[in-house]
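Here is how the chains run, residue by residue.
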Amino acid sequence: KGHSASYAVESYQSLYLKAHYPLEFMVGVINNFGGFYRTEFYFHEARMNGATIEAPCVNHSDYLTNIFGTQIYIGFIHLKSLETKVAREIATDRKRYGDYKSLDNFLRRITLGLEQIRILIRMGSFRFTGKSKQQLLWEAMLYFGNVKSHNKTTVDLFDTEPKEYPLPVLQHNPMEDALDEIELLGFPLC
């Protein structure tokens, strides 16, 4: 009797949350990695309840999935091959020093390698810059090509942006975004 009563209380509480706070409930289930279905279906359920699902963003996402009103930002924990240390450092540094202004600003503040930044760029985590993924990949390769030693203990006296070099018009296909999402998240957002 006691066992079934405790499950009844938990079921009632879960039902109440799902009925009155459906988006928050879905984010809770996603962050708990629980439930009967794959994570993709919980994001789909949240979308059907009026949420806008956003790919991870270095200026909004945390390690776990979070919600702002009806916008749900996928957490960095869901990105395959992204190191846990890097995923946690992004949100910690942003809370301490403020939003990232550009890719260069991000690279000067966070210690990571070229492969890790490629994952973030391919996932669209720098879309706030207004630059295409191809442009951002070029900038990242130039940054890592020019940096001999990345000393994080020194503080920049002036926060200046590097010189912008003109690039040819690079072709973009929305199917590439879907393929990147499938590869890095396990499901497309579109």
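Residues numbered from 1 in each chain as written. Predicted model: local features only at pLDDT ≥ 70, side-chain atom pairs only at ≥ 80, totals over all residues. Heavy atoms only, no water.

*Asks:* Any chance you could explain the pattern of salt bridges here in plain terms?
*Replies:* Charged atoms that come close allow side chains of opposite charge to pair. The final tally for this structure, using the stated rule, is 12 salt bridges. Here aspartate 62 and lysine 95 are joined by a salt bridge, their closest N and O atoms 3.8 Å apart. One end of the pair, aspartate 62, is in the loop between strand S1 (52–54) and strand S2 (66–68); the other, lysine 95, is in helix H4 (residues 84–97), and 33 residues separate them in sequence. For arginine 118, the salt bridge identified is with glutamate 115, shortest N-O distance 3.5 Å. In this pair, arginine 118 and glutamate 115 are both assigned in helix H6 (residues 114–122), 3 residues apart and thus about one turn of the helix distant. By relative accessible area, arginine 118 is classed as partly exposed at 30%. Salt bridges linked by common partners bring Arg122, Lys133, Asp177, Asp180 and Glu183 together as one network. (Salt bridge = Lys/Arg side-chain N within 4 Å of Asp/Glu carboxyl O. Helix = DSSP H or I, 4+ residues; strand = E, 2+ residues; numbered from the N terminus. Buried < 20%, exposed > 50% of the residue type's maximum accessible area, 1.4 Å probe, protein only.)

*Asks:* How do you make sense of the packing of aromatic side chains when you look at a structure like this?
*Replies:* We describe a pair of aromatic rings using the distance from one ring centre to the other and the angle between the two ring planes. In total, this model carries 9 aromatic pairs according to the counting rule given. Their ring planes at 80° and their centres at 5.0 Å tell us that phenylalanine 106 and phenylalanine 126 sit as a pair that is edge-to-face. Taken together, the residues span a long stretch of sequence, with phenylalanine 106 in helix H5 (residues 103–109) and phenylalanine 126 in the loop between H6 and helix H7 (133–146) at a distance of 20 residues. When sorted by exposure, phenylalanine 106 lands in the same class as phenylalanine 126, which is buried. Residues tyrosine 143 and phenylalanine 144 carry aromatic rings whose centres are separated by 5.5 Å and whose planes lie at 90° to one another, so their mutual orientation is edge-to-face. Residue phenylalanine 144 is classed as partly exposed on the basis of its relative accessible area of 26%. Ring-pair connections join several aromatic residues into one group, and the members of that group are Phe36, Tyr37, Phe41 and Tyr42. The cationic tip of arginine 88 hangs over the ring face of tyrosine 63; the distance from NZ or CZ to the ring centre is 3.9 Å. (Phe/Tyr/Trp six-rings, centres within 6.5 Å; stacked < 30°, edge-to-face > 60°. Lys NZ or Arg CZ within 6 Å of the ring centre and 35° of its normal.)

*Asks:* How should the packing of helix H1 (residues 2–20) against helix H2 (residues 22–32) be read in this particular structure?
*Replies:* For any two helices packed against each other, one specifies the crossing angle of their axes together with the interaxial distance. Running from N to C, H1 and H2 point in directions that differ by 125°, and their axes come no closer than 5 Å. Compared by their axis directions, H1 and H2 come out oblique. From H1, Ser14, Leu17, Lys18, Ala19 and His20 reach across to H2, where they touch Pro22, Phe25 and Met26. Residue classes in the contact of H1 with H2 are distributed as 5 nonpolar, 2 polar and 1 charged. (Axes fitted to C-alpha atoms, helices over the stretch in contact; angles between N-to-C directions. Parallel < 35°, antiparallel > 145°, perpendicular 65-115°, else oblique. Contact = heavy atoms within 4.5 Å. Nonpolar A, V, L, I, M, F, W, Y, C, P; charged D, E, K, R; others polar.)

*Asks:* I tried to follow the nonpolar core on my own but got confused; where do I start?
*Replies:* Across soluble globular proteins, nonpolar side chains have a tendency to be buried as a group. Counting residues in each nonpolar core, the largest one holds 40 residues, and the members touching the most others are Leu79, Phe106, Ile117, Leu120 and Phe126. Among the secondary structure elements, those contributing two or more residues to this core are H2, helix H3 (39–48), H4, H5, H6, H7 and helix H8 (174–185). Broken down by element, this core gets its largest block of residues, 5 residues, from H2. (Core = buried A, V, L, I, M, F, W, Y, C linked by side-chain atoms within 4.5 Å.)

*Asks:* Looking at this structure, I do not really get H8. What am I missing?
*Replies:* An α-helical turn contains 3.6 residues, so any two residues separated by three or four positions project in the same direction. With 12 residues, H8 extends 16 Å between its outermost C-alpha atoms, agreeing within 8% with the 16 Å of an ideal straight helix rising 1.5 Å per residue. In the core, the buried residues of H8 are packed alongside H6 and H7. Glycine 186 sits one or two positions beyond H8 and adopts a positive phi of about 105°. (Expected span 1.5 Å × (residues − 1).)

*Asks:* Just to check I follow, could you spell out the side chain of arginine 122 for this structure?
*Replies:* Locating arginine 122 in the fold gives a position in helix H6. For arginine 122, a relative accessible area of 16% puts it in the buried group. Reaching out from arginine 122, the side chain makes a polar contact with the side chain of glutamate 183 at a distance of 2.7 Å. Every residue in contact with arginine 122, bar those within four places of it in the chain, is listed here: Lys133, Asp180, Glu183 and Leu184. (Polar contact = N/O pair within 3.5 Å; in protein donor to acceptor, adjacent residues only side chain to side chain.)

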